[in-house]
Amino acid sequence: TGVLEEGLRTRCRFVGVDITEPMLRRAQRKRLPSVTSLVLGDGEKLPFADATFDAIVSCYVVKYCSRKRLSDEAFRILRPGGRFVLYDFVKPRGPLWPLNSAYTFGFLRVFGRALELTGSPSAYTFTALPRIIAERPWDAGFKGFLEGVGFARVEEKLISGGVSIGYCATKTATGEQEPSWP
């Protein structure tokens, strides 16, 4: 919906990709000047030529698809030296895990049920997300997995108080730059 692009105050130019037209329409209505185009596409089969982008940011996608296909596609469309930044929800961990677990597996479900009573289309997201997080431990061994795809200098960082994890990796190239977290 353009939330990431909206939040980044940068001179970068973005191409937004989503698998659903309603999300693309929501992003389009924002008329963000940094977004050059919005493309209907699947993260497992991206509609771009090889070595097209300097960076790819994948937000809350990997839990819904094959991490192998998503990573292969990112590697394919990145230019040498390009960065792949990916983050998504995980089972809560870290010092706040008891509170985050209660929120993720308790509050979100209750909130989703309340939204169902109002007929909100967002209800499914809140009721399904806890189950999806519990059933899809996509991050298990993901650092080594990215290295196996061909990425170098892979960094892993727990974010959002321990309910999400992020990865930053560089496509193998001469003169690689060190990844850095914003």
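None of these values were measured; they are calculated from a predicted model.

About the criteria used
Residues numbered from 1 in each chain as written. Predicted model: local features only at pLDDT ≥ 70, side-chain atom pairs only at ≥ 80, totals over all residues. Heavy atoms only, no water. Helix = DSSP H or I, 4+ residues; strand = E, 2+ residues; numbered from the N terminus. Buried < 20%, exposed > 50% of the residue type's maximum accessible area, 1.4 Å probe, protein only. Contact = heavy atoms within 4.5 Å. Areas by Shrake-Rupley, 256 points an atom, 1.4 Å probe, with all protein chains shown as cover. Expected span 1.5 Å × (residues − 1). Bend = angle between axes of the 7 residues up to and from the residue. Pairing = 2+ DSSP bridges.

Draft legend 1. Geometry of the overall build of the protein. Looking only at helices and strands, one finds six helices and six strands in the protein. Beginning at the N terminus, the succession of helices and strands in the protein can be written as α-β-α-β-β-α-β-α-α-α-β-β. In the protein, which comprises 182 residues, the proportion classed as buried is 37%. Excluding contacts between residues fewer than 6 apart, the proportion of contacts in the protein whose partners are at least 24 apart in sequence is 61%. Of the roughly 10,600 Å² of accessible surface on the protein, a fraction of 57% belongs to carbon and sulfur atoms.

Draft legend 2. Expanded view of helix α5 (residues 123-135). Its 13 residues place the ends of α5 19 Å apart at the C-alpha level, agreeing with the 18 Å of an ideal helix rising 1.5 Å per residue. At L129, α5 shows its largest kink, close to 35°, and the proline P130 lies no more than four residues downstream. All of the buried residues in α5 are A123, T127, A128, L129, P130, I132 and I133. Next to the buried residues of α5 lie β4 (78-89) and α4 (97-118).

Draft legend 3. A look at the environment of R11. Relative to the assigned elements, R11 resides in the loop between α1 (3-7) and β1 (14-18). Remark: the alpha-carbon pair of R11 and S34, spanning 23 residues in sequence, is separated by 7.2 Å.

Draft legend 4. The arrangement of the pairing of strand β6 (residues 164-171) in detail. The buried fraction of β6 amounts to eight of the eight residues, a majority that puts the element mostly inside the structure. In the sheet, β4 pairs with β6 via seven bridges, with the strands oriented antiparallel. Bridge pairing in β6 links V85 to C168. Bridging between strand β5 (residues 151-159) and β6 involves seven bridges; their strand directions are antiparallel. The partner of E155 across the bridge, within β6, is C168. Joining the antiparallel neighbours β5 and β6 is a turn of four residues, in which S160 adopts a positive phi near 55°.

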